[in-house]
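Reading the structure
These are the residues of each chain, in order.
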Number of protein chains: 2
Amino acid sequence: MLKVLISNDDGIHANGIQTLAAKLAQRYEVYVVAPDRERSATGHALTLHKPIRIEEVDIKLPVAKAFSVSGTPSDCVKLALNALLDVEIDVLVSGINHGPNLGSDVIYSGTVSAALEGAIHGIPSIAVSLVNGFEKMADFNHGAEFIYNFLPTAMEVGIPAKSILNVNIPAVPLHEFAGIKIAELGTRMYTDSYEKRIDPRGGIYYWLAGEIIETGESEDSDVEAIRNNMISISPVHYNLTNFNALTLLQEKLEIAESV
Amino acid sequence: MLKVLISNDDGIHANGIQTLAAKLAQRYEVYVVAPDRERSATGHALTLHKPIRIEEVDIKLPVAKAFSVSGTPSDCVKLALNALLDVEIDVLVSGINHGPNLGSDVIYSGTVSAALEGAIHGIPSIAVSLVNGFEKMADFNHGAEFIYNFLPTAMEVGIPAKSILNVNIPAVPLHEFAGIKIAELGTRMYTDSYEKRIDPRGGIYYWLAGEIIETGESEDSDVEAIRNNMISISPVHYNLTNFNALTLLQEKLEIAESV
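Now for a look at the structure at hand.

Procedures and definitions
As a convention, each chain's residues are numbered from 1 in the sequence order in which they are written. Both sets of labels track the order of writing: A upward for chains, 1 upward for ligands. Confidence filtering applies because this is a predicted model: local features only for residues at pLDDT of at least 70, side-chain atom pairs given and counted only at 80 or more, and all residues used for totals across whole chains, interfaces and linings. The helix and strand labels rest on DSSP assignments: H or I over at least four residues marks a helix, E over at least two residues marks a strand, and numbering proceeds from the N terminus. Two things to know: the radius of gyration comes from C-alpha atoms, and the globule rule equals 2.2 Å times the number of residues to the power 0.38. Being paired, for any two strands, means DSSP has found at least two bridges between them. As a rule, the C-alpha atoms of each element are fitted with a line to give its axis, helices using only the stretch in contact, and angles between N-to-C directions run from 0 to 180 degrees. Contact between two residues is assigned when their C-beta atoms, built from the backbone, lie within 7 Å. Under this grouping Gly is polar, as are all residues other than the nonpolar Ala, Val, Leu, Ile, Met, Phe, Trp, Tyr, Cys and Pro and the charged Asp, Glu, Lys and Arg. Residues below a pLDDT of 70 in either copy are left out; the C-alpha atoms of the rest, at least 70 in both, set the least-squares superposition of the copies. Residue burial here comes from a neighbour count, namely the number of other C-beta atoms, placed from the backbone, that lie within 10 Å of the residue's own C-beta, with 20 or more meaning buried, 12 or fewer meaning exposed, and in between meaning partly exposed. Put simply, angles under 35 degrees are roughly parallel, angles over 145 are roughly antiparallel, angles from 65 to 115 are roughly perpendicular, and the rest are oblique. When the near helix sits turned anticlockwise from the far one by under a right angle, the crossing is termed left-handed; a clockwise turn instead gives a right-handed crossing.

A few words now on the overall build of chain A. Counting its secondary structure elements, chain A contains seven helices and 13 strands. The C-alpha atoms of chain A give 20 Å as radius of gyration, which agrees with the globular expectation for 259 residues (18 Å, within 12%). With respect to the principal axes defined by its C-alpha atoms, chain A has extents near 70 × 60 × 40 Å.

Before going further, it helps to examine the sheet that holds strand β2 (residues 29–35) of chain A. The mixed open sheet is built from 11 strands, whose spatial order is β8(A)-β13(A)-β7(A)-β6(A)-β5(A)-β1(A)-β2(A)-β4(A)-β3(A)-β11(B)-β10(B). On the outer flanks of this sheet lie β8 (180–182) of chain A together with β10 (194–198) of chain B, each paired with one strand and no other. Going from strand to strand, the sheet's axes swing by 25° on average, the running direction of each strand aside. When strand β6 (residues 125–130) of chain A meets strand β7 (residues 163–169) of chain A, the two strands line up parallel, connected through five bridges. Residue pairing for β7(A): Ser129(A) is matched across the bridge by Asn168(A). Where helix α1 (residues 15–24) of chain A meets the sheet, its contacts fall on β1 (3–7), β2, β5 (91–98) and β6 of chain A, and the angle it forms with β5(A) comes to roughly 140°. Strand contacts of helix α2 (residues 73–84) of chain A: β1, β2, β3 (52–56), β4 (65–69) and β5 of chain A together with β10 and β11 (204–208) of chain B, with the helix running at about 135° to β2(A), the strand carrying the most contacts.

Across the contact, 60 residues belong to chain A and 59 residues belong to chain B. If one sorts the elements of the side of chain A that touches chain B by residue count, helix α7 (residues 243–258) of chain A sits on top with eight residues. Grouping the constituent residues of the side of chain A that touches chain B by class yields 34 nonpolar, 18 polar and eight charged. Here two bridges tie β3(A) to β11(B), and the two strands are oriented antiparallel to one another. Within β11(B), the residue paired with Arg53(A) across the bridge is Tyr205(B).

Bringing the relation of the copies chain A and chain B into the picture now. Applying a rotation about an axis and a shift along it to one chain copy brings it onto the other copy. Superposing chain A onto chain B takes a rotation of 180° plus a shift of 0.0 Å along the axis, which leaves an RMSD of 0.0 Å. As the rotation angle and translation indicate, the two copies are arranged about a two-fold axis. In terms of proximity to the rotation axis, the leading residue of chain A is Gly43(A), whose C-alpha is 2.6 Å off the axis. Here 98% of the interface residues in chain A have copies in chain B that are interface residues too; the copies meet face to matching face.

Moving on, we come to the environment of Ser234(A). Position of Ser234(A) relative to the elements: it lies in strand β13 (residues 231–237). What makes Ser234(A) buried here is the crowd of 31 C-beta atoms within 10 Å. Non-local contacts of Ser234(A), meaning those with residues more than four positions away in its chain, are made with Asn166(A), Ala183(A), Glu184(A), Leu185(A), Asp222(A) and Thr241(B).

As a further point, take helix α1 (residues 15–24) of chain B. Burial analysis of α1(B) places eight of its 10 residues in the buried class, which makes it a mostly covered element. Of the surrounding elements, those touching the buried residues of α1(B) are β1 (3–7), β2 (29–35), β5 (91–98), β6 (125–130) and α5 (141–157) of chain B.

This part is about the sheet that holds β6(B). Overall, mixed pairing links the 11 strands, which are arranged β10(A)-β11(A)-β3(B)-β4(B)-β2(B)-β1(B)-β5(B)-β6(B)-β7(B)-β13(B)-β8(B) in an open sheet. In the strand order of this sheet, the two ends are held by β10 (194–198) of chain A together with β8 (180–182) of chain B, each with one partner. Each adjacent strand pair in this sheet contributes to an overall mean axis angle of 25°, direction not counted. Bridge count between β5(B) and β6(B): five bridges; the pairing is parallel. Note that in β6(B) the partner of Ser94(B) across the bridge is Ala127(B).

Glancing now at the environment of Ala209(A). The residue Ala209(A) is located in the loop between β11 (204–208) and β12 (212–213) in this model. Considering only alpha carbons, one finds Ala209(A) and Tyr190(A), 19 residues apart in sequence, at a separation of 9.3 Å.

Turning to the packing of α1(B) against α5(B), a few remarks are in order. All names here are of chain B. One can describe the packing of α1 onto α5 by two numbers: an axis separation of 9 Å at closest approach and a directional angle of 40°. As summarised for this structure, α1 and α5 are arranged oblique, according to the angle between their axes. Here α1 runs over α5; the crossing is right-handed. Contacts between α1 and α5 involve Thr-19, Leu-20, Lys-23 and Leu-24 from the former and Asn-141, Ala-144, Glu-145, Ile-147 and Tyr-148 from the latter. Classifying every residue of the contact of α1 with α5 by side-chain character gives five nonpolar, two polar and two charged.

Attention now goes to unusual backbone geometry. The linkage connecting Gly95(A) with the following residue, Ile96(A), adopts the cis geometry, with an omega of -5°. With respect to the helices and strands, Ile96(A) occurs in strand β5. In this model, Asn229(A) sits at a positive phi of 60°, which is unusual for a non-glycine residue. Here Asn229(A) is to be found in the loop between α6 (222–227) and β13. The phi dihedral of Lys60(B) falls on the positive side, at around 60°, and the residue is not glycine.

Structural data, given as structure tokens:
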């Protein structure tokens, strides 16, 4: 039986991870290792300067084991694979995230970073997000059902080396699903406005209050796929070298140095 | 005069950022916006669920302005460019980091993420790290001197689109410097061991205690450049799409679906 590790960044009690774990446990051996609370937009953070607390918990689902961790999504995956589990994990699924991880979202996403951490450890890894699923009680059933059916295909096809699959599920009824699209990451940007406020003691503080800028997106992008009610699947890798720029930069610098 | 924004992840009082700011202020208009305390390994985290406190501080250096921020490196850069500064920044320098950011380090690095945030905002951005500079009083002067001289070249040559330059400086005396290498990111890996401990009340906690695995590195890698006492400069981008895998994945999935 496929051994599946599940993590997320919304916390172990979030509806998205619970729906996913319940569905996958119908067929697979499921291990849940997830943050004890919401950890959105943690990026690929690690806890180095504080001890990490871990508690084995009963999440009232037929999973093999479940652990609640006082750390980030990356901490959870590192701990699961190196300290907590004594089984060989076959595949990691991070999610289902409450809200999209499209385009440049992936840079900030704890959901994606948990999956990347799996890939770094050589485990086939998938990040899954529900678009428009910010509501606590959004319907994650279609997403969970899709992953349940998709896992054997993904294992058979193989996930590209040093990469994860980043999956976004449109929040529409089943009969409106328009298929699956292998998509590149879009250029989704935010305005990054800040709200400046004064506390009751006169101190100044700021809240990040960014809104999405609707830029022109490529037809091949995940953003466009979701707009068309398709499930987007993007191969995302963790080697950040801009190889195209390497040679050019070398030449330009040589010219600059020689002047 | 070039307007330079400086940030880091070791905190505004760290020796690395202070040495850099002092040197660059000799020639450029310098703005410092940095975390109020150490924020190493924060990855590309953002502060969404807490208000962010900001204080204008006197860092006893001839800089234009300096702000201490109760947030992550990415928060600092977002705030600087969107709320705190009323000037157009020409170039961002993040660092000098205490310790290397080589190979897969960049995924976890707050120093690199501050620079990537600059690039996302369309600002030419450079991350700088001193290898073996974990000691609080390491000598950052060579690194600061290098960046001081390198900035005009970098501006002239141009930093590749949607990318930053990730610079690592070897911690050797000036006469041992062996030049500059445009390098790809190496595959530097850690063992990721965890130390399990018991607190005085019987509670279990873990410390991350990873050590570097010395794997075979490409001759073209930043790790190898540093080993040879060269300054490594790597173009690092933030579009994480694995374009090579897109078509292949498309084909494989079509075959799998049709079976």
